[in-house]
Amino acid sequence: MSPTIEETTLRLAGLLTYAGGALDDPDRHDLVFEPEISLHPLARLLAPVDVWAVDGGQAVVADARCLQLVVTRSARARWRDRRCVLEEEGALRPQLIGCGEERVAVVSYQLPVRPDAAVDIGLLRDWGEWQAVAQSVEEAESGGMVLVDGDLEPDWRITPSFLDTLFLRAAERGVTVVGVTKHSSLARGGAPLLGQLERQAEHALGPRSMWWARLATTRPDSGPTRQILAARLDPDARFAFRVDLPVDVDPAIALGSLSALADDAAFPGYPYPLSVADRLAACPSWVRDEVWAQLEDGLDAAGVPIDVRERAFTDRHRLMERA
């Protein structure tokens, strides 16, 4: 017999209110967790001399199930002297996916994947983001920082040597690469870990404390070793965030500098340059509508009848829901 909503609610309540149990990340299996989590007070330092923030966006413009037209893009923002000096939303990159059409992307996108690797919109977006990260590492000044939306783990299909090369180049140029995850899957005892740490830190260090804690490191066989941290970067922040750093970076210094970028009144606790990059990279409905309009113009010019397009791309399920 399947559980009732009441039984499921009681189970959820137990998970959310029990602070013990094993550390886990159901989305990742390459982490070696700390035997014990220690909370450290965090002191705010000066902002890095040069900051680049990178995020990616994606959208499905037309979906015939067997064939899709998708677009991706990678946005960047640059921060100097506590102000934004560059907003680069990135060009939309269209690609057909399905029925073998995606194999074209392996060449056109110069994807560092196996020849037989599956190619989808997620891989295209991720690779575009990491290309933008690599470009930002080259353009950042020594002592600068490159912020990545999410963890420092490229799509599993991308060859591991890419990240090795990127970290080595960043170290040569004196640039720190930082990954900030907005919504982490890290868990303890089956419940969200960061929420537990936020409550723990409030009691141990005070309600307006800034703090950090090392949670795990990646296994040596999974590419360059990274340290996985949690940090509350502003006294007024509602939430803490997961932060990834290369293993040889001093967390107190890197997070102290990062916190100087996380004091915006509208987004306390989250690095504001990443908020700008997120806005630039978004592909809302009007972007899809514009691309679809361009697509229709092209199909008109190619002589494709309207009924052919409708038969290919009309969502029958949505039509049935309207009835």
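It should be noted that the structure appears before, not after, this text.
Our subject in this report is the structure included herewith. Just so we're clear, the structure is a prediction, and the values are computed from it rather than from any experiment. Residue numbers here run from 1 along each chain, matching the order of that chain's written sequence. It should be noted that, the model being predicted, local features are given only for residues of pLDDT at least 70 and side-chain atom pairs only at 80 or more, the latter also being counted only at that level, while totals for whole chains, interfaces and linings use all residues. The basis for the side-chain values is all heavy atoms of the structure; hydrogens and waters are excluded.

Considering the overall build of the protein
Secondary structure is summarised from DSSP: a helix means a run of H or I of at least four residues, a strand means a run of E of at least two, and numbering begins at the N terminus for each. Scanning the protein for helices and strands turns up 10 helices and 14 strands. By principal-axis analysis of the C-alpha atoms, the protein measures approximately 70 × 60 × 40 Å. Throughout this description, buried means an accessible area under 20% of the type-specific maximum (1.4 Å probe, protein chains only), exposed means over 50%, and partly exposed covers the range between. Within the protein, the proportion of its 323 residues that are buried is 45%. Within the protein, contacts between residues separated by at least 24 positions form 68% of all contacts whose residues are at least 6 apart in sequence. Residues scored as positive are Lys and Arg, those scored as negative are Asp and Glu, and His as well as the terminal groups of each chain are ignored. Just so you know, the charge point we use is NZ for Lys, CZ for Arg, CG for Asp and CD for Glu. Both charge centroids of the protein, one from 34 positive and one from 50 negative side chains, sit 1 Å from each other. Contacts: residue pairs with any heavy atoms within 4.5 Å of one another.

What about the packing of aromatic side chains?
Centres within 6.5 Å make a pair out of two Phe, Tyr or Trp rings, where for Trp the six-membered ring is used; the pair is then stacked when the planes are under 30 degrees apart, edge-to-face when over 60, and tilted otherwise. Applying the stated criterion across every chain, the model contains 6 aromatic pairs. Note on Trp79 and Tyr272: the rings are 5.6 Å apart at their centroids and 75 degrees apart in plane angle, and the pair reads as edge-to-face. Here Trp79, found in strand E5 (residues 68-80), pairs with Tyr272, found in helix H7 (residues 272-281); they are 193 residues apart in sequence, far enough to count as distant. In this structure an aromatic cluster arises from ring pairing among Trp79, Phe267 and Tyr272.

Things to note about the sheet that holds strand E10 (residues 187-188)
One open sheet accounts for 3 strands, arranged E1-E10-E11; its pairing is antiparallel. At either margin of the open sheet sits one strand with a lone partner, and together these are strand E1 (23-24) and strand E11 (191-192). Paired strands, as defined in this entry, are two strands with at least two bridges between them according to DSSP.

Here we look at the side chain of Thr72
Inspection of the secondary structure assignment puts Thr72 in strand E5. Using a relative accessible area of 2% as the deciding quantity, one classes Thr72 as buried. In contact with Thr72, not counting residues within four places along its chain, are Gly57, Gln58, Ala91, Leu92, Arg93, Tyr109, Ile121, Leu124 and Arg125.

Points about the nonpolar core
Judged by nonpolar contacts, the single largest core of 31 residues is most densely connected at Leu111, Val119, Leu124, Trp130 and Leu166. Looking at this core, the elements that each hand over two or more residues are strand E4 (51-63), helix H2 (103-108), helix H3 (121-139), strand E8 (145-149) and helix H4 (161-173). A per-element tally of this core places H3 first, with 8 residues. What Trp130 contacts, discounting residues up to four positions off in sequence, is Val148, Asp151, Leu152, Glu153, Pro154, Phe162, Leu163 and Leu166. With 30 residues, the next largest nonpolar core counts Leu42, Ala75, Leu255 and Leu274 among its residues. Working definition of a nonpolar core: buried Ala, Val, Leu, Ile, Met, Phe, Trp, Tyr and Cys residues. They are joined through side-chain atoms within 4.5 Å.

Things to note about unusual backbone geometry
Although it is not a glycine, Arg82 adopts a positive phi angle of roughly 65 degrees. Here Arg82 lies in the loop between E5 and strand E6 (83-88). One non-glycine residue, Cys99, lies in positive phi territory at about 55 degrees. In this fold, Cys99 is placed in the loop between strand E7 (93-97) and H2.

Comments concerning the environment of Gln95
Relative to the helices and strands, Gln95 resides in strand E7. When the C-alpha atoms of Gln95 and Leu124 are compared, they prove to be 8.9 Å apart, with 29 residues separating the residues in sequence. When residues no more than four places from it in sequence are discounted, the contact partners of Gln95 are Gln68, Leu69, Val70, Glu101, Glu102, Val104, Ala105, Ser108, Tyr109 and Leu124.

Details of the environment of Ser285
Of note, Ser285 is situated in helix H8 (residues 285-301). Counting along the chain gives 226 residues from Ser285 to Ala59, while the straight-line C-alpha distance between them is 8.7 Å.

Some points on the packing of H3 against H4
Angle between the axes and distance between the axes are the two parameters that describe a pair of packed helices. Only the stretch in contact is used when a helix axis is fitted, and all axes are lines through C-alpha atoms; the angle between N-to-C directions ranges over 0 to 180 degrees. H4 packs onto H3 with a crossing angle of 20 degrees between their chain directions and a minimal axis gap of 9 Å. Put simply, H3 runs roughly parallel to H4. The chirality of how H3 crosses H4 is left-handed. From H3, Trp127, Trp130, Val133, Ala134, Val137, Glu138 and Glu139 reach across to H4, where they touch Phe162, Leu163, Leu166, Arg169, Ala170 and Arg173. Each residue is assigned to one of three groups, with Ala, Val, Leu, Ile, Met, Phe, Trp, Tyr, Cys and Pro labelled nonpolar, Asp, Glu, Lys and Arg labelled charged, and all others, Gly among them, labelled polar. Looking at the contact of H3 with H4, its residues break down into 9 nonpolar, no polar and 4 charged. Any angle between 65 and 115 degrees counts as roughly perpendicular, while under 35 counts as roughly parallel, over 145 as roughly antiparallel, and the rest as oblique. Note: crossing handedness is left-handed where the near helix turns anticlockwise from the far helix by less than a right angle, and right-handed where it turns clockwise.

Description of the pattern of salt bridges
Side-chain pairs of opposite charge can arise where the charged atoms are in close proximity. Think of a salt bridge as a Lys or Arg side-chain nitrogen and an Asp or Glu carboxyl oxygen that are within 4 Å of each other. In the structure shown here, the tally under the stated rule is 24 salt bridges. Arg169 is the salt-bridge partner of Glu172, the closest N and O atoms lying 3.3 Å from each other. Taken as a pair, Glu172 and Arg169 lie in helix H4 at a separation of 3 residues, close to a single helical turn. Residue classification places Glu172 among the exposed positions, given a relative accessible area of 54%. With a closest N to O distance of 3.8 Å, Glu296 and Arg309 form a salt bridge. Of the two residues, Glu296 sits in helix H8 while Arg309 sits in helix H9 (residues 306-313), which places them 13 residues apart along the sequence. Each of Asp25, Arg242 and Asp244 takes part in one network of salt bridges that share partners.

Thoughts on the pairing of strand E9 (residues 176-181)
For a regular strand, side-chain orientation follows a simple rule: the groups alternate between the two sheet faces. Burial runs high along E9: 5 of the 6 residues are buried. Bridging between E8 and E9 involves 5 bridges; their strand directions are parallel. Following the sheet pairing, Met145 is matched in E9 by Thr176. Each parallel crossover has a hand, and the one from E8 via H4 to E9 is right-handed. Orienting the strands away from the viewer, one traces the path from the first strand over the helix to the second; a clockwise path indicates a right-handed crossover.

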